Amino acid sequence: KPYSGLKGSYKRKPFNQERFDAAMRDLLERYVKLEQYDDASHALTTGDACKVNMAGYMATADGEKGEPLPNAASGDDVEVVLGEGRYMEGLVEGLEGGKVGETVTVKVRFPDVSSISPCYD
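Residues numbered from 1 in each chain as written. Predicted model: local features only at pLDDT ≥ 70, side-chain atom pairs only at ≥ 80, totals over all residues. Heavy atoms only, no water.

Hey, could you run me through the overall build of the protein in this one?
A tally of regular secondary structure across the protein gives two helices and four strands. In sequence order, the secondary structure elements of the protein are arranged as α-β-β-β-β-α. For the protein, the residues scored as buried account for 12% of the 121 residues in total. Counting only contacts in the protein whose residues sit at least 6 apart along the sequence, the fraction spanning at least 24 positions is 46%. Taken as a whole, the protein presents about 11200 Å² of accessible surface, with 52% of it coming from carbon and sulfur. (Helix = DSSP H or I, 4+ residues; strand = E, 2+ residues; numbered from the N terminus. Buried < 20%, exposed > 50% of the residue type's maximum accessible area, 1.4 Å probe, protein only. Contact = heavy atoms within 4.5 Å. Areas by Shrake-Rupley, 256 points an atom, 1.4 Å probe, with all protein chains shown as cover.)

Can you help me understand the pairing of strand β3 (residues 65-68) in this one?
Regular strands show a simple pattern: their side chains alternate between the two faces of the sheet. Relative to β3, strand β2 (residues 57-59) runs antiparallel, the two being bridged by two bridges. Along β3, the bridge assignment pairs Ala 59 with Lys 65. Linkage of β2 to β3, two consecutive antiparallel strands, is achieved through a turn of five residues, within which Gly 63 is found at a positive phi near 85°. (Pairing = 2+ DSSP bridges.)

Sorry if this is basic, but what is going on with the nonpolar core here?
In globular proteins that are soluble, nonpolar side chains generally tend to be buried together. Of all hydrophobic cores here, the largest spans eight residues; its members are Leu 44, Cys 50, Val 52, Val 80, Leu 82, Leu 91, Val 92 and Leu 95. Among the elements that line this core, the one with the most residues is helix α2 (residues 91-95), at three residues. Among all residues touching Cys 50, those that are not within four sequence positions of it are Leu 44, Val 78, Glu 79, Val 80 and Leu 95. (Core = buried A, V, L, I, M, F, W, Y, C linked by side-chain atoms within 4.5 Å.)

Help me understand the environment of Val 92, please; the structure alone is not making it clear to me.
Structurally, Val 92 can be placed in helix α2. Between the C-alpha atoms of Val 92 and Leu 44, which are 48 residues apart in sequence, the distance is 9.7 Å. Sequence-distant contacts of Val 92, that is, excluding residues within four places in its chain, are made with Leu 82, Gly 83 and Tyr 87.

Below, the structure is given as structure tokens:
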């Protein structure tokens, strides 16, 4: 049954170029077409994507490799797009400059749980 006799109004928010640009960058990164880079001497830089095999470990009190983390912190052929604010602190910085076939040890810092805002009210 159709509604009739209803009236409504809305107020359009002003256009925000900064938010629009951020949304466009996000879409471009999300739907980018990746192409293989054949030069094995190419060092990874911001904006590059790479596939990595990762194994996560907790650090001991003296900063050495400790107990393995759950599988969620590990994996093979994990695609990483080098860019600011996408991953845990230290991951991108540790991969930048890397080349195909190299093995690197990257130390990352998990975010402080108390500083994370809940996703609900």
